[in-house]
Amino acid sequence: MTPPATKVTPISGFPELLPADRLLELHFLDTIREVFELHGFAPLETRAVEPVERLLGKGGDADKEIYGVSRLAGEETGRDADLGLHFDLTVPFARYVLEHAGRLQFPFRRYQIQKVWRGERPQEGRFREFTQADIDVVDVGELAPHLEAEMPLVVAEAFRRLPVGEFRIQVNNRKVPEGFYLGIGLTDVAGTLRVVDKLAKIGPRKVTEQLVAAGATEEQARLALALADIRSGDLSFVDEVRALGVSHPTLDEGLRALAAVVAAGAEQAPGTLVADLSVARGLDYYTGTVYETQLVGSEEWGSVCSGGRYDSLASDGRTTYPGVGISIGLTRLVHLLVAKRGLTASRSTPAAVLVAVVDEESRARSGRVAATLRGRGVPCEVAPSAARFGKQIRYADRRGIPFVWFPGTDDAGDQVKDIRSGEQVDADAATWTCPAQDLRPAVVTRD
RNA sequence: GUGGGUGUAGCUCAGCUGGUAGAGCAUCGCGUUGUGGUCGCGAGGGUCGCGGGUUCAAGUCCCGUCACUCACCCCA
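Residues numbered from 1 in each chain as written. Chains lettered and ligands numbered in written order. Predicted model: local features only at pLDDT ≥ 70, side-chain atom pairs only at ≥ 80, totals over all residues. Heavy atoms only, no water.

### Things to note about the protein's contact with RNA strand B
The condition that has to hold: For this purpose, a residue is taken to be near a molecule or strand whenever a single non-hydrogen atom of the residue falls within 4 Å of it. Polar contact is defined as a pair of N or O atoms within 3.5 Å, subject to the rule that within protein one atom must be able to donate a hydrogen and the other to accept it, and that residues adjacent in sequence are counted only when both atoms are side-chain atoms. Numbering of helices and strands starts at the N terminus; helices are DSSP runs of H or I of at least 4 residues and strands are runs of E of at least 2. Polar here means any residue outside two lists: the nonpolar Ala, Val, Leu, Ile, Met, Phe, Trp, Tyr, Cys and Pro, and the charged Asp, Glu, Lys and Arg; Gly therefore counts as polar.
Within the structure, RNA strand B sits among 43 residues, and Ser-12, Arg-118, Arg-126, Arg-194 and Val-358 are positioned closest to it. Backbone polar atom of Glu-124 to a phosphate oxygen of RNA strand B: 3.4 Å apart, as the coordinates give it. Taken together, the elements giving at least two residues each to the surface near RNA strand B come down to strand S6 (129-138), strand S11 (305-315) and helix H13 (389-399). Sorting elements by how many residues they give to the surface near RNA strand B places H13 first, with 7 residues. When its residues are assigned to classes, the surface near RNA strand B shows 12 nonpolar, 12 polar and 19 charged.

Dropping the structure here:
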């Protein structure tokens, strides 16, 4: 019986990688995880689903992007509570904190690397299923402000260990534009932010047009644009904002908080943190500090890492657990580096050595060589068939496996060949050393 | 959800004013019966996205539909 020939097609927004690219992604994942653990974040995984009502209203328009989960043969009556796939890792984490508060120690630091789902229209670098690598800290009642500076610095450390090139983490505090807009009489804070955020994309003229169309005066639009134009790697942005002559208590509060974050960044990782007063987006639950990250030279890719502070996401009505976190868009980051910068892994398998098979009678001997190599930490595999050596070498070559091991016949000893150079030398599996740079797949640029 | 573009081999694509499918790359085999990459020869592989219509005849023209894709929205 042959199954019906179902057309095999990709599903838009659900990316799948080839082995070499997945190895690259795993390298990123391992590096990020190592840095997170070096900073003492505890590992956590939450279930993929939450009650839909817990997901709703947390991400602004994200509501309509939530994927619901149901049984195909589910009955209308007596069905399970409505479940939805989480669209980020912060909302489930907030729920987890409430659920386990009695068994956690605060401030609680955790990292979480998982798939999330958003039912939006896919585009280059935007997916419906993707992986986020998230760190957060929550505390009870009050959250120390210095944690807002720590989050981006941890990410910066991870990024410095990865082949992403130069990057810039932009920081803002939502209270700055909020207080500023209120100070100049613009009461639609969210709407104004949404328009101003398009500045880089559509230019100041169109932003002004849209602001005026939304009810702002020319002068209000001018000031809003002037604020969005301010950015600095030091504290000079404070004076620049002051120079615009607007005052409001919320603005003062925001400037103070932002200055503290930028000062800490400038001291601990000069050049990586930049105050950028045009950054204001992200999910609705952010209440203060917000982050966005661009790779220098690839700003059009959008943010590859964002986050912020949320003061009221986790609350049981009596106790509130304010938190701050940041999330690396691993799927977007890796996808764009592969597609746009030609990054990949040097081979399509972890194996560093292919152990050749002389004939099927001696397969066990090849197996013993492989076991010895593995015992010494050298990833290897045994050739699938005792074909001519030319074919066995080609098997390795196609996969990028750098070494082919030839078990000796009769009294002859083993030999190992570096198929890139063609050099072949006597070798003993119990003592041979694989060059460190060949032990694991390396990051390389295609072509 | 709204608007544009595109659907032909595993991949990238050609196929003109309709006349029963082609190239390059990839894969596999042979030349090369323990040593690959080059080169040469050969082979396999297609309901031309799907459904309907026009026609003697449709990959080609018309309608519908689905998928992919780009932009808006929103965001990692």
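The rest of the description comes next.
### Thoughts on the packing of helix H6 (residues 189-196) against helix H7 (residues 199-213)
Stated precisely, the cut-off is as follows: To obtain an axis, a line is fitted to C-alpha atoms, over the contacting stretch when the element is a helix, and the angle between two such axes runs from 0 to 180 degrees between their N-to-C directions. In this scheme, roughly parallel covers angles under 35 degrees and roughly antiparallel covers those over 145, while 65 to 115 is roughly perpendicular and the rest are oblique. Contacts are assigned to residue pairs with any non-hydrogen atoms lying within 4.5 Å of each other.
Where H6 contacts H7, the two axes come as close as 8 Å, and the packing angle between them is 135°. With respect to each other, H6 and H7 are oriented oblique. Residues Thr-192, Val-195 and Val-196 of H6 form the contact with H7, whose participating residues are Leu-199, Val-207, Gln-210 and Leu-211. For the contact of H6 with H7, the per-class residue count stands at 5 nonpolar, 2 polar and no charged.

### Focus on the nonpolar core
Condition: Nonpolar cores are built from buried Ala, Val, Leu, Ile, Met, Phe, Trp, Tyr and Cys residues. Side-chain atoms within 4.5 Å join them into one set. Summary of the burial criterion: residues with accessible area below 20% of their type's maximum are buried, those above 50% are exposed, and those between are partly exposed, where the area comes from a 1.4 Å probe applied to protein chains only.
Of all hydrophobic cores here, the largest spans 77 residues; its most connected members are Phe-28, Phe-159, Val-164, Phe-237, Leu-295, Ile-328 and Leu-333. No other element matches helix H4 (residues 146-160), which puts 9 residues into this core. Ignoring anything within four residues of it in the chain, the contact list for Ile-328 reads Ile-32, Phe-36, Thr-131, Gln-132, Ala-133, Val-155, Phe-159, Val-304, Cys-305 and Leu-333. In terms of nonpolar packing, the next biggest core, distinct from the first, is built from 22 residues, Ala-94, Phe-108, Val-279 and Tyr-286 among them.

### Considerations on the sheet that holds strand S2 (residues 49-51)
Hydrogen bonding along the main chain pairs the strands of a sheet, whether they run parallel or antiparallel. As a reminder, the rule being used: In this analysis, strands are considered paired if DSSP registers two or more bridges between them.
Pairing within the open sheet is antiparallel, and its 3 strands lie in the order S2-S4-S3. Looking at the sheet topology across the chains shown, the edges are occupied by S2 and strand S3 (68-69). Pairing of S3 with strand S4 (residues 83-85), which is carried by 2 bridges, proceeds in the antiparallel orientation. Across the sheet, residue Gly-68 finds its bridge partner in S4, namely Gly-84.

### A short note on unusual backbone geometry
Going from Phe-106 to Pro-107, the amide bond is cis rather than trans, its omega being -5°. By the element assignment, Pro-107 lies in the loop between helix H3 (90-100) and strand S5 (108-117).

### Topic: the packing of aromatic side chains
Applicable threshold: Only Phe, Tyr and Trp rings take part, Trp by its six-membered ring, and two of them pair if their centres are within 6.5 Å. Stacked means planes under 30 degrees apart, edge-to-face means over 60, and tilted covers everything else. Two conditions define a charge sitting above a ring: the NZ of Lys or the CZ of Arg must be within 6 Å of the ring centre, and it must be within 35 degrees of the ring normal.
Enumeration according to the criterion identifies 12 aromatic pairs in this entry. Pairing Phe-180 with Tyr-181 gives two aromatic rings, centres 6.4 Å apart and planes at 75°, and the pair type is edge-to-face. As far as burial versus exposure is concerned, Phe-180 and Tyr-181 are alike and both buried. Ring centres of Tyr-285 and Tyr-310 lie 6.0 Å apart, and the angle between their planes is 80°; on these two criteria the pair is classed as edge-to-face. Within this pair, whereas Tyr-285 is found in the loop between strand S9 (273-276) and strand S10 (289-295), its partner Tyr-310 is found in strand S11, the two being separated by 25 residues in sequence. Tyr-285 gets classed as buried once you look at its relative accessible area, which sits at 9%. Feature note: the residues Phe-36, Phe-41 and Tyr-111 constitute an aromatic cluster, connected by ring pairs. Geometry around Phe-93 places Arg-110 over its ring, the cationic atom sitting 4.0 Å from the centre.

### Focus on the domain arrangement of chain A
Our working rule: These domain limits were set by an automatic method or by a database of domain assignments. A simple way to read buried area is as the amount of 1.4 Å-probe accessible surface that goes missing from two parts once joined, with both sides added. We define a salt bridge as a contact between a side-chain nitrogen of Lys or Arg and a carboxyl oxygen of Asp or Glu at a distance within 4 Å.
Along its sequence, chain A is carved into domain 1 (19-69 + 79-344) and domain 2 (353-445). Facing 8 residues of domain 1, the contacting portion of domain 2 comprises 5 residues. Both sides of the domain 1 and domain 2 interface together cover about 420 Å² of buried area, and 71% of this is carbon and sulfur. Seen at the junction of domain 1 and domain 2, the total is 0 salt bridges. Counting every contact that joins domain 1 to domain 2 gives 1 residue pair in polar contact (both at pLDDT 80 or more). Breaking the side of domain 1 that touches domain 2 down by element, the ones donating at least two residues are helix H1 (19-38) and strand S13 (343-345). Of all the elements, H1 adds the most residues to the side of domain 1 that touches domain 2, at 3 residues. Its residues assigned to classes, the side of domain 1 that touches domain 2 shows 4 nonpolar, 3 polar and 1 charged.

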